[in-house]
Amino acid sequence: MSGFEFRETMAGSYHRVDEPHKERPLAFTIRARSAPILRFLRRPVVEIEGAIDAPGLADHRYLRGTLGMDLLRTGTLPYAFHFHGDDDKPYVFEGQKDVSVRELLESMTVLPGAIKDEEGALVARALLRFDARSDLVKFLRSFRLSR
């Protein structure tokens, strides 16, 4: 059986820990691809790849990682991806949507996260949103079965 794929864009801002009062834009666009459905149901995680734009850190840099999709069991959608900054050093983004039935739209569209260096030290905090008004149709159109 086939898996599935979709595209998603999240946009917002980040604050470096060494400049906490300076807000900078941050956005990423990913393509998510699942394993074949039966394997995905046993391990509900999709592989993601795409690009991150974070002026002052990573201008349109390739990213690769995972998105956990065990929403019914955990109530979360954890994002984790690696990228290289403009300084060619490796970084990791870790974020998680904590989904609440009471605040479904808000919790499905807000992604707080952190950017860490290769030693795990916090570099920046981020807050991103999925713009349901302008991006939901694109997201739904991108969803398809894959091989």
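Before reading on, note that the structure itself is shown above.
Attention in this report is confined to the structure presented alongside it. Given the structure is predicted, the values throughout are model-derived calculations rather than measurements.

### Considering the environment of S146
Locating S146 in the fold gives a position in strand β9 (residues 144-146). With a relative accessible area of 6%, S146 lands in the buried category. For S146 and S2, which are 144 residues apart along the polypeptide, the C-alpha to C-alpha distance reads 5.6 Å. Contact partners of S146, with chain neighbours within four places excluded, come to S2, G3, F4 and E5.

### Remarks on the nonpolar core
Judged by nonpolar contacts, the single largest core of 30 residues is most densely connected at F28, F83, F93 and I115. Every element with two or more residues in this core is listed here: β1 (3-16), β2 (24-33), β3 (45-54), β4 (58-68), β5 (76-84), β6 (90-98), β7 (110-117) and β8 (122-129). Leave out the neighbours within four places in its chain, and F28 touches E8, T9, M10, A51, I52, L63, Y79, F81, F93, L111 and L128.

Thresholds, definitions, all that
- Residues numbered from 1 in each chain as written.
- Predicted model: local features only at pLDDT ≥ 70, side-chain atom pairs only at ≥ 80, totals over all residues.
- Heavy atoms only, no water.
- Helix = DSSP H or I, 4+ residues; strand = E, 2+ residues; numbered from the N terminus.
- Buried < 20%, exposed > 50% of the residue type's maximum accessible area, 1.4 Å probe, protein only.
- Contact = heavy atoms within 4.5 Å.
- Core = buried A, V, L, I, M, F, W, Y, C linked by side-chain atoms within 4.5 Å.

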